[in-house]
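# Chain and residue survey
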Amino acid sequence: MRVDLTLCLVLLGGAAGAFDLPAPVTDADYLPVSEAEAALGQLLFYDPILSGNENISCSTCHHPRFGTSDGLSLGMGEGGIGLGPDRVADPANVPEDRVPRNAPALYNLGARAFTHMFHDGRVERVNGALRVPIEDGFFAEVSGILATQAAFPVLSPDEMGGNVSENPLSKAIRMGRFSGEGGAWDMIAAKVAGIPEYQARFEAVYPEIAAGREIGFADISNAIAGFMAFEFRADDSAFDLFLREEAALSDQAAEGMALFYGEAGCAACHAGSFQTDHDFHAMGQPQFGPGKTLDFERGSRDEGRFRVTGKAEDLYAFRTPSLRNVTLTAPYGHAGAYRDLRSFIVAHLAPADSLLHYDRAQAILPDLPVEDWEVMDTEADVAAILSAIEVEDRTLPEAGIDALMAFLAALEDDPKRLGIPERVPSGLSFEK
């Protein structure tokens, strides 16, 4: 049997009470996107020309094959070879460290509701004003928050920039020169503009460039943002069809939805049309890898939102991820601590117990000569994470977990619009 919307609302009325189902997603929920701009952004997204050593593209860590992530707990950018869980360290250029956080999925980031970027929300729009970790006139030139986010990975030595001695871009980054003549963004824009095919494509998309203005990195960011917004819009899942009253849910998915919006309490944080409240919560996730500390600090902690706001109540709080296509985006958590979704759900229900009994084999970490477990081996750090947890531990029966898994599967809609290009204008090779 399959259950229609009316019956599910009756079930939810009895089981949930406080929660309503979200409204169906419509075109009005998204910012407008030019398909021509998106097509240009597609090439830039897959082109390693944006990286310091011209060996890494945006798609290296955000590949559609891995749900717009990379299939690793903590990614390996500069110094890595290969794609996804098969990525290994280049013996001739071993990475200095891992990327500190799990590569987040890109689905629906073109929706108006997404006003915080990155796990800690350090790029955000508040009351219409853009907030970023660095002050630079560059940000007045980008089209919005998604384009702002797209400007940062190229500045990370571990992600796309490269180590300081490896290329001119990495040297500019080390010196804190980002915009202006000779800055990192300026260098990348010059490389792109020097490719005739890119110059012609930018002129076709942006009239100002056709009129003689030089290509700037803001144009590159805007195009990449247009591509991500267009390509990874995902709102045609079984759940969406159900909300639009175009199809019914299976019995098990309907049972999972009743739990999700009712007894299990998932919708307290995973609210709204994209199953996120766009807020930050401390849920006791295991912490490993290099952490996010300042250069002069000791330790490998990642204190999350606290590093943005400085508020004690934000310690170890991270952004609530959207659950669209969550079945495709393993591993899970801001550090990718759980390699499968079922294990993550069980741990999420009982975060304190799960942190204390975490199985380190759950992490998917390519071999690197680095210390990964300093925080988990430090009693005081584990105690600090435990003390910040916002919820009480609880459990659900196996049948309840099965039902939640069925509902989460009903959120799956893997869009394929422009897809992966056969080639990029730079002529550089990239992972397909």
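Here is a short report on the structure shown in this document. (Residues numbered from 1 in each chain as written. Predicted model: local features only at pLDDT ≥ 70, side-chain atom pairs only at ≥ 80, totals over all residues. Heavy atoms only, no water.)

## Topic: the layout of surface pockets
Taken as a whole, the second largest pocket encloses approximately 1100 Å³ of empty space. Lining the second largest pocket are 48 residues, and of these His270, Pro321, Leu323, Phe344 and His348 lie nearest its centre. Residue assignment for the lining of the second largest pocket shows that the elements contributing at least two residues are β9 (318–319), α14 (341–349) and α17 (398–409). Broken down by element, the residue count for the lining of the second largest pocket peaks at 5 residues, all from α14. Split into classes, the residues belonging to the lining of the second largest pocket amount to 28 nonpolar, 15 polar and 5 charged. (1 Å grid on protein atoms, 1.4 Å probe; cavity = no way out; pocket = protein on both sides within 12 Å on 5 of 7 lines; lining within 4 Å. Points joined across faces, edges and corners; volume = space filled by probe spheres on them. Helix = DSSP H or I, 4+ residues; strand = E, 2+ residues; numbered from the N terminus. Nonpolar A, V, L, I, M, F, W, Y, C, P; charged D, E, K, R; others polar.)

## Description of the side chain of His334
Looking at the secondary structure, you find His334 in the loop between β9 and α14. Within the structure, His334 has its side chain in polar contact with the side chain of Gln287 (distance 3.1 Å). Apart from the residues lying within four places of it in its own chain, the contact partners of His334 are Arg101, Asn102, His119, Gln285, Pro286, Gln287, Asp302 and Phe318. (Polar contact = N/O pair within 3.5 Å; in protein donor to acceptor, adjacent residues only side chain to side chain. Contact = heavy atoms within 4.5 Å.)

## A closer look at the environment of Asp414
Mapped onto the secondary structure, Asp414 falls in the segment after α17. Exposure remark for Asp414: the relative accessible area of 29% places this residue in the partly exposed category. Distance in space between the C-alpha atoms of Asp414 and Gly67 is 7.9 Å, their sequence separation being 347 residues. Other than its neighbours up to four places away in sequence, Asp414 contacts Tyr107, Asn325 and Leu328. Within the structure, the side chain of Asp414 is placed 3.4 Å from the side chain of Tyr107, a separation counted as a polar contact. Within the local environment of Asp414, its side chain forms a polar contact with the side chain of Lys416, the two groups lying 3.1 Å apart. (Buried < 20%, exposed > 50% of the residue type's maximum accessible area, 1.4 Å probe, protein only.)

## So, the sheet that holds strand β6 (residues 129–131)
Across the sheet, which stays open at both edges, the 3 strands sit in the order β4-β5-β6 with antiparallel pairing between neighbours. Since the sheet does not close on itself, it has two edges, and those belong to β4 (116–117) and β6, each with one partner. Bridge count between strand β5 (residues 123–126) and β6: 3 bridges; the pairing is antiparallel. The residue bridging Arg125 from the neighbouring strand is Leu130, located in β6. (Pairing = 2+ DSSP bridges.)

## Considering the packing of aromatic side chains
Counted by the stated rule, this structure contains 31 aromatic pairs. With a centroid separation of 5.2 Å and 75° between ring planes, the pair formed by Phe45 and Tyr46 is classed as edge-to-face. Overall, Phe45 belongs to the buried group, its relative accessible area being 1%. Take Tyr46: its relative accessible area is 0%, and that puts it in the buried class. Ring centres of Phe138 and Phe217 lie 6.2 Å apart, and the angle between their planes is 40°; this geometry places the pair in the tilted category. Here Phe138, found in the loop between β6 and α4 (145–150), pairs with Phe217, found in helix α10 (residues 217–231); they are 79 residues apart in sequence, far enough to count as distant. Neither Phe138 nor Phe217 differs from the other in exposure class; each is buried. In textbook terms, an aromatic cluster arises when at least three aromatic residues are bridged by ring pairs, as seen for Phe118, Phe138, Phe139, Phe152, Phe178, Trp185 and Phe217. (Phe/Tyr/Trp six-rings, centres within 6.5 Å; stacked < 30°, edge-to-face > 60°.)

## A look at the nonpolar core
Core analysis: the largest hydrophobic core is formed by 60 residues, its most contacted members being Leu44, Leu50, Phe202 and Ile220. By residue number, the principal contributor to this core is α10, which donates 9 residues. With residues near it in sequence (within four places) discarded, Leu44 still touches Leu50, Val192, Tyr198, Phe202, Ile220, Ala223 and Ile224. Ranked by size, the runner-up nonpolar core spans 49 residues in total, among them Ala253, Ala254, Tyr316 and Leu355. (Core = buried A, V, L, I, M, F, W, Y, C linked by side-chain atoms within 4.5 Å.)

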